[in-house]
Amino acid sequence: MNFIRSLRFKFIVGLTLIMLPLFMLLYYNNVYAMKVVRDQVSLTNMNHLAKSVEQNERVLQETNRYLYSLGERDPDIISLFFLKYGSGDYIIAKQRIMNKFMTDIGFYNLIDSFFLYDAVNEDLLLATSGNYDVKMSMVQESMPVQMQQLEGEIQKPEWSIVRGGTWNALVKTVRINAQFYAGALVDMNALNHPEQFTESGDRGGAVILGADGGALSNSALNPAQIELAAAHIAGLKNPYQVISEVNSKGNARQYLMLGIPSAMSEMNYIVLLPEEDMMRNLPFFQRIIRLLPIGAAIILFTAMIFLRQLLFRPMNVLIRGMRRVSRGELDVRLETPSSSELQFLTHSFNQMTSEIQHLKIDVYEEQLRTREAEFKQLQMQINPHFYLNSLNIIHSLASLKNHGLVQQMAGHLADYFRFSLRAGKRVIRLDEELEHIGHYLEIQKLRFPNKLDFILDVEANLGHYVLPPLTIQPFVENAIIHGFQRRTEPFVICISARKSKTLSGSDSHQGNQDHGVLQLSITDNGVGFKQDILERLQQGQYAENPGGKHIGIWNVIHRLLVKYGEHAGLQFSNQTGGGAAVHIHMPAQTEEEEGRAYAKPVDRG
């Protein structure tokens, strides 16, 4: 049975079409809820990040203005240019500048250090709130680069990034005059404020990244997270990004990444928020997404079990019963199911098979009588047909006045007509049929000396199989009449008989699987069938007009059909080397087997 056309397939498709929109709605609802959470969390944290960056940038801009004003407004710094290096006034001025720088560090809360550098005397004045030696060393190492950047250029407001051994800083240096440079130092960690971001959890955090992706500030993020964030710096133009990290176990962990590039330096403020912590208020929806396929499979499986017991199993029992009836088993009776609708169907089926079983007996008896009458009528049609041809041959030999040939022919005719006395039988043995054909061909050889010959190619132990009388003769007769035209070389007819388990080139059901198949072939080396006649023969048009010139062929095929049904048949063809070929197949039966099969009715469609 075609599964696509079955009720089981249609039910699965129908249930899937009903459930699919529901699952899609749940899936969309879950995805939409997660998007809303992402949007809200990203908006909240982006506002905190933007506010923090804005405060940092404002302090850096104010520090810029402060440094630019030192050369114009601070008298102590201006006086150092005119005082002698190392004099008492020079030292007092430096002390006042140190005090001023320390006071201003408290005012500018992000600033870690202020410094004044004497390029001529390589003297550095540093005011710092942290480790003096570390800051002193960092400023001294960075000053040559800072001074080189300021030579011949317009001073820019950007801050430079200076990397230390254990910490990094932002440095801003301005040129006051040809001798003195003033600057400020900002610890990168002071610019990073991870505590103000919500939903960061244990695995989230904030970090400041340079243009090369390296971390500039301390962070709660591990190196793998920092590297993951650095790989997505190019996407900071988006409101947020959802990025994934694959751990050593192969599990993926998603993060919400926010970021703002700094306008005062080549660095980026980055925040990573674990999505798992963000979605902790949506565990139900998260589980739904994972369980949707499993839930759908469970529902479908449960429905299939229910319907299998209620509908499919009784339907399969009914279908199997119908198939057994179609094979002729009319004693089939089905058990009554519990469903009232199926009870009615089963009761109707049992009643139908019972009526068919009783009706078959009457039909069987009538069919036996009809088949016997039809077979005898067809059997009688072949004898006058051959008798007329035999009389024509006798007339031809008498015209030649060859009395010797007439005597030989009379002997063969006596044997031939002796066989005809037995031709009224239902079946004859194959060796009797071939002996009869031999007499006929010997008569034809006497008529056409040295121009006609025949070959009998029969497998051993086939003579006891039976067939309807005069099955082969009409085709031998037609071969001589139509294939013997305009010939200069001898005309040869070959009659062969073979037995096989199945019909060659066909499925096994086309033969009689109990007895095998008897295959008879009549071939010659004559002119063969004309193409139009061959096409009509292959299409079975010889059966359309039984009163025409194909009466012999029509008679044979109809006798085979009456007797064997679909287990017998004819094939016509032309041989490759020239000549016609006729192939007959029928069940291989002995007289005893044929007698048992004779009583069985034959379905002829």
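What comes next concerns the included structure. (Residues numbered from 1 in each chain as written. Predicted model: local features only at pLDDT ≥ 70, side-chain atom pairs only at ≥ 80, totals over all residues. Heavy atoms only, no water.)

1. Focus: the sheet that holds strand S4 (residues 168-175)
Within the open sheet, the five strands sit side by side as S2-S1-S5-S4-S3. Their pairing is antiparallel. Looking at which strands have only one partner, the edges of the open sheet turn out to be strand S2 (123-128) and strand S3 (160-163). Each adjacent strand pair in this sheet contributes to an overall mean axis angle of 25°, direction not counted. In the sheet, S4 pairs with strand S5 (residues 180-187) via seven bridges, with the strands oriented antiparallel. Within the sheet, the bridge partner assigned to Lys-172 lies in S5 and is Ala-184. The sheet strands contacting helix H3 (residues 88-107) are strand S1 (111-118), S2 and S5, and the helix crosses S2 at an angle near 30°. (Pairing = 2+ DSSP bridges. Helix = DSSP H or I, 4+ residues; strand = E, 2+ residues; numbered from the N terminus. Axes fitted to C-alpha atoms, helices over the stretch in contact; angles between N-to-C directions. Contact = heavy atoms within 4.5 Å.)

2. Topic: the pattern of salt bridges
Evaluation of the coordinates by the stated rule reveals 12 salt bridges. Notably, a salt bridge pairs Asp-76 with Arg-96, separated by 2.9 Å at the nearest N-O pair. Here the residue Asp-76 occupies a position in helix H2 (residues 75-80), and Arg-96 occupies one in helix H3, the gap between them amounting to 20 residues. Look at Asp-76 and you get buried, because its relative accessible area is 15%. Its relative accessible area of 40% is what places Arg-96 among the partly exposed residues. One salt bridge connects Asp-123 with Lys-94, and the closest N-O pair in it is separated by 2.6 Å. With Asp-123 in strand S2 and Lys-94 in helix H3, this pair connects stretches of sequence that are 29 residues apart. Here Asp-123 matches Lys-94 in class, with each residue buried. Bridged by salt links that share partners, the residues Asp-457, Glu-459 and Arg-498 form one connected network. (Salt bridge = Lys/Arg side-chain N within 4 Å of Asp/Glu carboxyl O. Buried < 20%, exposed > 50% of the residue type's maximum accessible area, 1.4 Å probe, protein only.)

3. With respect to the nonpolar core
Core analysis: the biggest nonpolar cluster contains 45 residues, and Phe-101, Phe-114, Leu-116, Trp-159, Leu-170, Leu-191 and Met-267 have the highest contact counts within it. Here this core gets 10 residues from one element, more than from any other, and that element is helix H1 (residues 7-73). Counting residues in hydrophobic clusters, the runner-up holds 38 residues, among them Leu-430, Ile-472, Ala-479 and Phe-572. (Core = buried A, V, L, I, M, F, W, Y, C linked by side-chain atoms within 4.5 Å.)

4. Structural notes on the packing of helix H11 (residues 430-447) against helix H12 (residues 473-483)
Viewed as axis vectors pointing N to C, H11 and H12 meet at an angle of 20°, and their least axial separation amounts to 10 Å. Accordingly, the angle class assigned to the pair H11 and H12 is roughly parallel. Along this stretch, H11 crosses H12, giving a crossing that reads as right-handed. Seen from H11, the contacting residues are Glu-433, His-436, Ile-437, Tyr-440, Leu-441 and Gln-444; seen from H12, they are Gln-473, Val-476, Glu-477 and Ile-480. (Parallel < 35°, antiparallel > 145°, perpendicular 65-115°, else oblique. Left-handed = near helix turned anticlockwise from the far one by under 90°.)

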